[in-house]
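# Architecture and fold: a report
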Amino acid sequence: MVNRRKFIQFSAFTGFASLLGKRAWSADGMETIKGKPIVISTWGSGLAANKGAWEVLGKGGRALDAVEKGVMVTELEDNCCVGLGANPDRDGFVTLDACIMDEFANCGSVAFLERIKHPISVARRVMEKTPHVMLVGSGAQQFAVAEGFPLEEQKLSPAAQKNYENWLKKSEYKPPAINIENKKDHGPFAPNKLESGEWNHDTIGMVAMDTNGNMSGSCTTSGAGFKMRGRLGDSPIIGAGLFVDNEVGACTATGQGEDVIRVAGSHSVVELMRQGLSPEAACKKVIERIIRIKGAKAKDIQVGFLALNKKGQHGAYAIHKGFSYAIKTNDMEKMIVSKYMME
Ligand code: ASP
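Here is a short report on the structure shown in this document. The structure displayed is predicted, hence computed values, not measured ones. (Residues numbered from 1 in each chain as written. Predicted model: local features only at pLDDT ≥ 70, side-chain atom pairs only at ≥ 80, totals over all residues. Heavy atoms only, no water.)

## With respect to the pattern of salt bridges
- The tally for this structure, following the rule as stated, stands at 20 salt bridges.
- Between Arg274 and Asp245 there is a salt bridge, with the nearest N and O atoms lying 2.5 Å from each other. Of this pair, Arg274 sits in helix H9 (residues 265-274) while Asp245 sits in strand S9 (residues 242-245), and the two are 29 residues apart along the sequence.
- On the basis of relative accessibility, which here comes to 16%, the residue Asp245 falls in the buried class.
- The salt bridge partner of Glu280 is Lys339, with a shortest N-O separation of 3.0 Å. With Glu280 in helix H10 (residues 279-294) and Lys339 in strand S15 (residues 339-342), this residue pair connects regions lying 59 residues apart in the sequence.
- Each member of the salt-bridge network shares a partner with another, and the members are Asp65, Glu68, Arg124 and Glu128. (Salt bridge = Lys/Arg side-chain N within 4 Å of Asp/Glu carboxyl O. Helix = DSSP H or I, 4+ residues; strand = E, 2+ residues; numbered from the N terminus. Buried < 20%, exposed > 50% of the residue type's maximum accessible area, 1.4 Å probe, protein only.)

This is the structure in structure tokens:
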């Protein structure tokens, strides 16, 4: 029988434990926190996106719904980096890439998708309604239309039109170095608006854990501004731009997609977390790997990783100064400056 004193001690302890969130253990031996939802997402636009995600997470909803709803906010922002308002490819067309992954390792992706407002939702439909993981180009668009997504007008936003006209003056046969100019001017929280008024980075990646301790992630982008027509980066590629393993954690990437793909970036970060590294240490290891591969060229590219593990710990690392991420939990909502390797 539990006497009164022990009972009081016991209930004080369990009260404290439920305040901290319940703990469970995954098959990989990773401690899981339940009852402590959390969402993190890349760059300054992540603040608004996290609020969108919180409409789901705050009510005890599923992380998958949260990460879709969250990045949909960014896809609608005008003059930004994601969605139909973003910079076009070098032929003047906005082409969008997105992917999503849930706690069961279900995943869906679209790439080179034109004239659709919410590529993330099309990616989710690919995951849920087809036997495939990835649809691209006209096939992805055809699927989206068949699913009831309206085909939007093919028109650049006023900001993108201006940026494109500027770019056409030189028509350099390469996109600007993704994210790199950002470090110079605008402080860590600005969503990469350059001195020239151009938007440079073009992605939001988001990972979340819901009240049941389940994780999901999403990533959506217009890729690199003024890219070659048909170019895909890391963002729609499961394992590169995004990876979720509900036993271990989740990671998303931003920056020069080609160099994220080279190291299967987000998957590598999750595998390092599986071996026991913290999110920040795992992100750092993969950043170091990219720098080793790139050698002197690393100074010209930016890559940032953002990760969350099953304990609710989060962390990021970037090649250069300037990367930041937004976080939201029950008790806080803020931006965090990522550590980096190079000034
Ligand atoms: N990773 C994206 C890409 O390469 C771009 C970005 O993060 O800004 O398409």
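Having seen the model, we can carry on.
## Things to note about the packing of H9 against H10
- Running from N to C, H9 and H10 point in directions that differ by 135°, and their axes come no closer than 8 Å. On the basis of the axis angle, H9 is oblique to H10. Remark: the crossing between H9 and H10 carries right-handed chirality. Between H9 and H10, the residues in contact are Gly265, Ser268, Val269, Leu272 and Met273 and Pro279, Ala282, Cys283, Lys285, Val286 and Arg289, respectively.
- Counted by class, the contact of H9 with H10 contains seven nonpolar, two polar and two charged residues. (Axes fitted to C-alpha atoms, helices over the stretch in contact; angles between N-to-C directions. Parallel < 35°, antiparallel > 145°, perpendicular 65-115°, else oblique. Left-handed = near helix turned anticlockwise from the far one by under 90°. Contact = heavy atoms within 4.5 Å. Nonpolar A, V, L, I, M, F, W, Y, C, P; charged D, E, K, R; others polar.)

## As for the packing of aromatic side chains
- Under the defined criterion, the tally for this structure stands at four aromatic pairs.
- Summarising the aromatic geometry, the rings of Trp43 and Phe323 are spaced 5.0 Å apart at their centres and angled 70° between planes, so their arrangement reads as edge-to-face. Of the two residues, Trp43 sits in the loop between strand S3 (38-42) and helix H2 (46-57) while Phe323 sits in the loop between strand S12 (314-320) and strand S13 (324-329), which places them 280 residues apart along the sequence.
- For Phe323, a relative accessible area of 1% corresponds to the buried category.
- Seen in terms of ring centroids, Trp167 and Phe226 are 5.2 Å apart; in terms of plane orientation they differ by 10°. Their pairing is stacked. Of this pair, Trp167 sits in helix H6 (residues 158-170) while Phe226 sits in the loop between strand S8 (215-221) and S9, and the two are 59 residues apart along the sequence.
- Residue classification places Phe226 among the buried residues on the basis of a relative accessible area of 2%.
- Chaining the aromatic ring pairs together yields one cluster made of Tyr164, Trp167 and Phe226. (Phe/Tyr/Trp six-rings, centres within 6.5 Å; stacked < 30°, edge-to-face > 60°.)

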